[in-house]
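Breakdown of the fold
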Amino acid sequence: METSEVIRTLRAQRNLTQSELAEKTFTTRQAVSRWETGETTPNTEALKLLSRVFDVSINTLLGAPRKLICQCCGMPLDDASLSREPDGAFNEDYCKWCYADGRFTYDSLEALTDFLVEHMASEAWPKEQVRAFCETQLPQLGHWRR
């Protein structure tokens, strides 16, 4: 979905007029109209405001061009699983289980691996295989490469 269609759909779902959305984003009705027709795309600051107004990530506003994964545990991310900063803004790098209220849940790669082994292992995927998978994949994620 294109950004213009996403904005138009979200605005309609919330029963907002273009003027009301303009007021909430400190812009003009004409600017909102241009966003919705695809004539222009909101700038970074406008995207941040739209994200807050609609309670969706910037990635969603842009039509989800990136497939997001948690840079701590590797889980695929969508708006429901994204973490938030202390001010309520979305953090598109982490899931809400690995990062919450400005803090990381896991102090070490080993602690996360132990948690995942306990919760992912099954008859079809024994603990040893889960551990081996985690030990090769997790260090490649952004949070653990630092």
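Report on the accompanying structure. (Residues numbered from 1 in each chain as written. Predicted model: local features only at pLDDT ≥ 70, side-chain atom pairs only at ≥ 80, totals over all residues. Heavy atoms only, no water.)

**Side note on the nonpolar core**
Our working definition: Throughout, nonpolar core names a set of buried Ala, Val, Leu, Ile, Met, Phe, Trp, Tyr and Cys residues whose side chains join them through atoms within 4.5 Å. Buried, partly exposed and exposed residues are distinguished by accessible area as a fraction of the type maximum, computed with a 1.4 Å probe on protein chains only: under 20%, between the cut-offs, and over 50%, respectively. Each helix is a run of DSSP H or I of at least 4 residues and each strand a run of E of at least 2, with the numbering of both proceeding from the N terminus. Residue contacts follow a heavy-atom distance rule, with two residues in contact if any of their heavy atoms lie within 4.5 Å.
Within the largest apolar cluster, 21 residues are counted, with the highest numbers of intra-cluster contacts made by Cys70, Cys72, Cys98, Leu112, Leu138 and Trp144. Those elements that place two or more of their residues in this core are strand E2 (90–95), helix H6 (109–120) and helix H7 (127–137). The dominant element in this core, judged by the number of residues it contributes, is H6, at 4 residues. Apart from the residues within four sequence positions on either side, Cys72 is in contact with Tyr94, Cys98, Tyr106, Leu112, Leu138, Leu141, His143 and Trp144.

**Some remarks on helix H4 (residues 44–54)**
Convention followed: To obtain the arc, one takes the directions from the helix axis to the C-beta atoms. Side-chain atoms alone can form a polar contact between residues adjacent in sequence; in general such a contact is a pair of N or O atoms within 3.5 Å, and within protein one must be able to donate a hydrogen while the other accepts it.
Of the residues making up H4, those classed as buried are Ala46, Leu47, Leu50, Ser51 and Phe54. What you see down the axis of H4 is that its buried residues fit within an arc of 145°, all on one side. Against the buried residues of H4 lie helix H1 (3–13), helix H2 (18–24), helix H3 (29–37), helix H5 (58–61) and E2. With a side-chain oxygen lying 3.1 Å from the backbone nitrogen of Glu45, the N-terminal cap of H4 falls on Asn43. Looking one or two residues past H4, Asp55 carries a phi angle of roughly 55°, positive in sign.

**Section: the packing of H6 against H7**
The condition that has to hold: Helix axes use the C-alpha atoms of the stretch in contact, all axes being lines fitted to C-alpha atoms, and the angles between their N-to-C directions lie in the range 0 to 180 degrees. Note on terminology: angles under 35 degrees are roughly parallel, angles over 145 are roughly antiparallel, angles of 65 to 115 are roughly perpendicular, and the others are oblique. Whether a crossing is left-handed or right-handed is set by the direction in which the near helix is turned from the far one by less than a right angle, anticlockwise for left-handed and clockwise for right-handed.
Relative orientation of the contacting elements H6 and H7 amounts to 140°, with a least axis distance of 9 Å. Taken together, H6 and H7 sit at an angle that is classed as oblique. H7 is crossed by H6, and the crossing has right-handed handedness. Contact residues: Thr113, Asp114, Leu116, Val117, Glu118 and Met120 in H6; Lys127, Val130, Arg131, Cys134 and Glu135 in H7.

**Focus on the pairing of E2**
Using the following cut-off: Pairs of strands are assigned from DSSP output, requiring at least two bridges between the strands.
Burial analysis of E2 places 5 of its 6 residues in the buried class, which makes it a mostly covered element. In this structure, strand E1 (residues 82–84) lies alongside E2, joined through 3 bridges in antiparallel fashion. Bridged to Arg84 within E2 is Phe90. If you look at the hairpin formed by E1 and E2, you'll find 5 residues sitting between the two strands, and Gly88 has a positive phi there, around 95°.

**Digging into the packing of aromatic side chains**
Note the following rule: The pairing test for Phe, Tyr and Trp rings, Trp by its six-membered ring, is centres within 6.5 Å, and the orientation test on the planes gives stacked under 30 degrees, edge-to-face over 60, and tilted for anything in between. For a lysine, the NZ atom is tested; for an arginine, the CZ atom; a charge sits over a ring if that atom is within 6 Å of the ring centre and within 35 degrees of the ring normal.
Under the criterion given, the structure shown has 5 aromatic pairs. Both rings, one in Trp125 and one in Phe133, keep their centres 5.5 Å apart while their planes meet at 65°; by these two values the pair is edge-to-face. Residue classification places Trp125 among the partly exposed residues on the basis of a relative accessible area of 27%. The class of Phe133 is partly exposed, set by a relative accessible area of 40%. A connected cluster of aromatic rings, assembled from ring pairs, spans Tyr94, Tyr99 and Phe104. A cation sits over an aromatic face here: Arg84 above Phe90, 4.0 Å from the ring centre.

**Quick look at the pattern of salt bridges**
Threshold: Salt bridge, as used here: a side-chain nitrogen of Lys or Arg that lies within 4 Å of a carboxyl oxygen of Asp or Glu.
Applying the stated criterion across every chain yields a total of 7 salt bridges. Across the salt bridge formed by Lys48 and Glu45, the nearest N and O atoms sit 3.4 Å from each other. Here Glu45 and Lys48 lie together in helix H4, a separation of 3 residues that amounts to about one turn. For Asp55, the salt bridge identified is with Arg84, shortest N-O distance 2.6 Å. Here Asp55 is found in the loop between H4 and H5, whereas its partner Arg84 is found in strand E1, with 29 residues between them in sequence. On the basis of relative accessibility, which here comes to 31%, the residue Arg84 falls in the partly exposed class.

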